[in-house]
Structure formats: structure tokens, C-alpha cells
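Below are the chains, spelled out letter by letter.
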Amino acid sequence: MDVRATNGAHFGQGRGKEPRHDQAMVAESPLMRAALERARRFAGSDATVLLLGESGTGKEVVARFMHQQSGRAQSPYVRINCAALPESLIEGELFGHSRGAFTGADQDRLGKLEWAEDGTVLLDEVGELPLGLQAKLLRVLEEGEFQRLGDNRVIPLRSRVIASTNRDLGTEVVEGRFRADLYYRLFVLNIELPRLRDRPEDLLPLARHFLNQYAPAPMQLGRRAICQVMAHDWPGNVRELKNVMQRAAVLADGERIEELEIVELPHRLAADANWPAIPLAEAERRTLEAALRQAEGNQAAAARILEVAPKTVGNM
């Protein structure tokens, strides 16, 4: 993975027409830079890491970044979506099974923990695991070994485990949906990824990155589109911004995007009920202030950050 420095930090690649797994991690904001610095420091450890954050904040991308920055980078990286698999299949996906372990098991099958060998396994949305399997996962992490279904042989755990969740696991423990012992075992090292609206310095760099990722030729954002990026609260976080910019690239007629098509939710979730909508005029003011802060008051430099003419900054 390419690691580049801008005024802040820019981790990853991702240029080209098609999205890539090692998509960029833009980190101009202090919150995101701190999170990625923790990820870089944790990458060389074999300890379990827990990634926390809302859906769409980039937990899976950070897990890949940690894998690629570690000594395991040449070994497999395996993601298991704990929320997408039915309970009856998760155990087999994790540990594998032997021939005859159950009806239809006509051959041995490696589980993801074994298939990853000396690589990394991401347990994505680990908070969705059923309680019974949580106990088995705890035992694997504590003892460093596991068994395939229907087999008495003990297999050493050689892969590094990273877990992620968009749930408040502390609340899940209190309400009896997550084991306290597994919670403490996963919480050895943790990284909390900020919501996109809490990292405004990253909004325009991310928008431009995704626009150029999907556009067949270099494109720019116009003044109104810039203000839309800054005004929207992005409840879907980076994933939502990426989808909006992909739509803009597909619908574009020319080299400049003057207005974005942003789908507003018909209602706010309870957690976001108090989040105020920002008028475009206010977004324009905040955009200019942010650019001027980054440029240390230099209007010409702020104009370069916003990719607008210097006289436009004076009129904002």
C-alpha cells in the first residue's frame, strides 16, 4: 500500500476507473490522523484489535491497511461478515469441518481461521455473533487453538484476528447480548473511527478522490457542489459520500460538477434527531473558514485548496 503525505496524511491508493480494495484513507482531520496513527502502531503486533465506528466509517479499509503494514502482508487477508451469515453456517466458516461432520459434509473443508495461515482474519460486525459462538471464539483467542467441526485434532491459531463492530458492545454486555469476557478479550487494543461529519477537513479531499476514482477523465467540483459536500451531514459516512460521487461521475456532462444529487433520508434515526440541517449559505461560510484556517489566512492558498479562483474566495 502506498502511503503519501499531504498537508495531513493520505494512506492508500485507489486511482483508476474501478474501485480497489486498498482505497485511499484520507486523513487531513486530527481525529482521523490519530486513528490511523494508532492503526500503524498496532499493525506490527499480534494482539487482537477491535475497530469501533458507525457503518460506513471505513473499518474494513483500516483493517486492510493494518494487514498491509504488518509482517503478514504477503499472507492472506480474510474477511468474515458475521452479520451476513446464518447462525448455522458461521461456525463452519470460522473453524471448518471434517468429512461426515454433518449431513452433506462429503469432504474436509478448511475454515477461514485455518485458510488465512499466517495472515489476518477480520471478524466484521463481531457484535452479531450468537452467544454460543462467542464462547467458542473466546476459547480460541485465549488458548490459541481450535478444532474443525467433527474432528478431534487441535489446530494452532496462526492468523492475526481483527474484529470490528458498529454496535456499542458495552451496552450489548449490559443487556445480555454480548459476553463480558469476550468483550474484555477483544478490547486489548482498540481504534475508534470518527463519523464523517466529525472530520470536515476530509470532506473535500475524499469527494475529489472518489470523483476521480470513477470519472473517465479528471473532473472538478463547482462552488455549489462544494457547499453541498460541506452542508450535508452524511449519515451513511464515507460509503454514502463515495456513492454520491460515483453517481455524479456517471451523470456528469462536462468536466465540472456544478450540483450533486444527494438522496435525503425521509426521517432521521433517533440518534441523529438533533442534528441540524445546514443551509448552503452557512455551509459556504464554513467551507471558506476551514480553507482559510488550513491556509493560515492566505486567500490565494485557500483558493487552491478549494480549487476556485482567488476572487471567488473574496466573494464567499
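Numbers given for residues are sequential positions, taken from 1 along each chain in its written order. For this predicted model, a pLDDT threshold of at least 70 governs which residues receive local features, and a threshold of 80 or more governs which side-chain atom pairs are given and counted, while totals over whole chains, interfaces and linings are taken from all residues. The basis for every side-chain value is the complete set of heavy atoms in the structure, and neither hydrogens nor water enter the calculation.

### A word on the packing of aromatic side chains
Then step 1. What counts as a ring pair is set by centres within 6.5 Å for rings of Phe, Tyr and Trp (its six-membered ring), and what kind of pair is set by the plane angle: stacked under 30 degrees, edge-to-face over 60, tilted for all other angles. Applying the stated criterion to the full structure yields three aromatic pairs.
Then step 2. With a centroid separation of 5.3 Å and 40° between ring planes, the pair formed by Tyr 183 and Phe 187 is classed as tilted.
Then step 3. With a 1.4 Å probe rolled over the protein chains alone, any residue whose accessible area is under 20% of its type maximum counts as buried; one over 50% counts as exposed, and the rest are partly exposed. Accessibility expressed as a relative area gives 30% for Phe 187, which makes it partly exposed.
Then step 4. Of the aromatic side chains, those joined through ring pairs into one cluster are Tyr 183, Tyr 184 and Phe 187.

### Concerning the environment of Ala 252
Then step 1. In this description a helix means any DSSP run of H or I spanning at least four residues, a strand means any run of E spanning at least two, and both kinds are numbered starting from the N terminus. Note on placement: Ala 252 falls in the loop between helix 10 (237–251) and strand 14 (256–257).
Then step 2. We call two residues in contact whenever any of their non-hydrogen atoms come within 4.5 Å of each other. Setting aside residues no more than four positions away along its own chain, Ala 252 makes contact with Met 219 and Ile 257.

### Comments concerning the side chain of Thr 57
Then step 1. Along the chain, Thr 57 turns up in the loop between strand 4 (49–52) and helix 2 (59–68).
Then step 2. Under the relative-accessibility criterion, Thr 57 is labelled buried at 1%.
Then step 3. Polar contacts, as counted here, are pairs of nitrogen or oxygen atoms within 3.5 Å of one another; within protein the pair requires one atom able to donate a hydrogen and one able to accept it, and residues that are adjacent in sequence qualify only if both atoms are side-chain atoms. In this structure the side chain of Thr 57 is engaged in a polar contact, spanning 2.7 Å, whose partner is the backbone oxygen of Glu 54.
Then step 4. Other than its neighbours up to four places away in sequence, Thr 57 contacts Leu 193, Pro 194, Arg 195, Arg 199, Asn 237 and Val 238.

### A closer look at the packing of helix 1 (residues 30–42) against helix 2
Then step 1. Angular values range over 0 to 180 degrees, each being the angle between N-to-C directions of two axes fitted as lines to C-alpha atoms, with helices fitted over their stretch in contact. Direction vectors running N to C along helix 1 and helix 2 enclose 40°, while the axes themselves pass 8 Å from each other. Relative to helix 2, the crossing made by helix 1 is right-handed. Every residue of helix 2 that contacts helix 1 at Leu 36, Ala 39, Arg 40 and Phe 42 is listed here: Val 62, Phe 65 and Met 66.
Then step 2. Basically, the charged four are Asp, Glu, Lys and Arg, the nonpolar ten are Ala, Val, Leu, Ile, Met, Phe, Trp, Tyr, Cys and Pro, and anything else, Gly included, counts as polar. Considering only residue class, the contact of helix 1 with helix 2 consists of six nonpolar, no polar and one charged. Handedness of a crossing follows from how the near helix is turned relative to the far one, being left-handed for an anticlockwise turn of less than a right angle and right-handed for a clockwise one.

### Re the pairing of strand 4
Then step 1. Burial along strand 4 is two-sided: Val 49 and Leu 51 and Leu 50 and Leu 52, pointing in opposite directions, are all buried.
Then step 2. Following DSSP output, two strands are said to pair if at least two bridges run between them. Pairing of strand 4 with strand 12 (residues 189–192) involves four bridges; the strand directions are parallel. Bridge pairing links Val 49 to Leu 189 in strand 12.

### A look at the side chain of Ser 159
Then step 1. With respect to the helices, strands and loops of the structure, Ser 159 is situated in the loop between strand 10 (155–156) and strand 11 (160–165).
Then step 2. At 3.4 Å, the side chain of Ser 159 forms a polar contact with the backbone oxygen of Leu 113.
Then step 3. Once residues lying within four places of it in the same chain are set aside, the contact partners of Ser 159 are Arg 72, Leu 113, Ala 116, Glu 117, Gly 119 and Val 121.

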